[in-house]
Amino acid sequence: MAKQKGIIKLTGKIGDLSFYKSKDGYLAREKGGVDGERIKNDPAFARTRENGSEFGLAATAGKTLRNAFRPMMMRAADNRVTSRLTKLMSAIRKLDTTSDRGSRSVGVAIQDQPAKDMLKGFNFNIRAMLNAILYRPITLDPATGEIEIADLIPANHIAASGNATHVSFTAAWANVNFADGTYELSLSSAMNLPLDSTQSTVTVTPSGVPAGTGTDVYIMLVEFFQEVNGTQYSLNNGGYNAMNIVDVV
């Protein structure tokens, strides 16, 4: 590795040299590593190929889940959710105890309860985790997807941003088939409440039962708003909103 000097700094490739910027400044390095064709064909790299194949399957599973809940993720997700979810899916596919090495997948592993338990509780927005925002128990009816929060007093049970005036709750239920990448999503209407001391019971129910033969994933979205002259505005483009996998069945 060499450090670039001079007025003009380069990025990109020239021949076998790669020029790039890092936290240490502008650097240059010579092309190295094992030839790609050798990795694809050499028996010595069989384990490497198997690991690469399984990583790809885990990444695809993560993408399937993100696609299933894309309408909600646009309102509550951090910029590292893709890598965090891929890491989790990589751990889940290791619970596939029937497929050959190199073919272990989330689609097989998720059929067993330990894999479902690993996915349960995942927060799509690491900056706003549900258990750090909501301090009341959640009850789920898996037959309908209904989520209930009994005796909620927003001023006492919700840790909201100082600028927020209202909070809303949305329930989602998706049937996700990790084996073939298909899914169907059902959403509830949002229940919106002022962040005051009024006690109420939150009940949000998805509009229907999603079709499919995959895995049932239940999610709750908590969004914060600031009311100005009768109109509610989302805070910080959803940066304070929480989106959590309540259960996996």
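Definitions and limits used
Residues numbered from 1 in each chain as written. Predicted model: local features only at pLDDT ≥ 70, side-chain atom pairs only at ≥ 80, totals over all residues. Heavy atoms only, no water. Helix = DSSP H or I, 4+ residues; strand = E, 2+ residues; numbered from the N terminus. Buried < 20%, exposed > 50% of the residue type's maximum accessible area, 1.4 Å probe, protein only. Contact = heavy atoms within 4.5 Å. Areas by Shrake-Rupley, 256 points an atom, 1.4 Å probe, with all protein chains shown as cover. Core = buried A, V, L, I, M, F, W, Y, C linked by side-chain atoms within 4.5 Å. Domains from an automatic or database assignment. Phe/Tyr/Trp six-rings, centres within 6.5 Å; stacked < 30°, edge-to-face > 60°. Pairing = 2+ DSSP bridges. Axes fitted to C-alpha atoms, helices over the stretch in contact; angles between N-to-C directions.

### Comments concerning the overall build of the chain
Piece 1. When helices and strands are tallied, the chain shows seven helices and 13 strands.
Piece 2. By residue count, 40% of the 249 residues in the chain fall in the buried class.
Piece 3. Put simply, of all contacts in the chain between residues at least 6 apart along the chain, 66% involve residues at least 24 apart.
Piece 4. Carbon and sulfur atoms provide 50% of the accessible area of the chain, an area that totals close to 13,600 Å².

### What to know about the nonpolar core
Piece 1. Counting 30 residues, the largest nonpolar core has Leu65, Phe69, Met89 and Leu119 as its most contacted members.
Piece 2. Mapped by element, the contributors of at least two residues to this core are α2 (46–68), α3 (70–73), α4 (81–93), α5 (106–109), α6 (113–119), β7 (166–177), β11 (215–228) and β13 (242–248).
Piece 3. Sorting elements by how many residues they give to this core places α4 first, with five residues.
Piece 4. When residues of this core are assigned to domains, at least three fall in each of domain 2 (42–122) and domain 3 (124–248).
Piece 5. Not counting residues within four places of it along the chain, the set of residues in contact with Leu65 comprises Leu85, Met89, Leu119, Phe124, Val176, Phe178, Val217 and Ile245.
Piece 6. Formed by 24 residues, the second largest nonpolar core is a distinct cluster that contains Leu152, Ile158, Val167 and Phe224.

### Comments concerning unusual backbone geometry
In most cases, non-glycine residues show a negative phi, while peptide bonds are predominantly trans.
Piece 1. The phi angle at Asp151 is positive, at roughly 50 degrees, despite the residue not being glycine.
Piece 2. Positionally, Asp151 belongs in strand β6 (residues 146–152).

### What to know about the packing of aromatic side chains
Aromatic rings considered in pairs are described by the distance between their centres and by the relative angle of their planes.
Piece 1. Under the counting rule described, the total for this entry stands at two aromatic pairs.
Piece 2. Note on Phe122 and Phe124: the rings are 5.1 Å apart at their centroids and 85 degrees apart in plane angle, and the pair reads as edge-to-face.
Piece 3. We classify Phe122 as buried; its relative accessible area is 9%.

### Some thoughts on the pairing of strand β12 (residues 231–234)
Piece 1. Pairing geometry for β11 and β12, over four bridges, is antiparallel. Bridge pairing in β12 links Val228 to Thr231.
Piece 2. Counting the residues between successive antiparallel strands, the hairpin from β11 to β12 contains two residues, one of them, Asn229, with a positive phi of roughly 55 degrees.

### What about the sheet that holds β6?
Across a sheet, strands are paired by hydrogen bonds formed along the backbone, either parallel or antiparallel in direction.
Piece 1. Read from one edge to the other, the open sheet built from three strands follows the order β5-β6-β10, with strand pairing classed as antiparallel. The open sheet has two free edges, formed respectively by β5 (139–141) and β10 (200–204), since each of these has just one partner strand. Each adjacent strand pair in this sheet contributes to an overall mean axis angle of 20 degrees, direction not counted.
Piece 2. With three bridges joining them, β5 and β6 adopt antiparallel strand pairing. Considered in β6, the bridge of Leu140 is made with Ile147.

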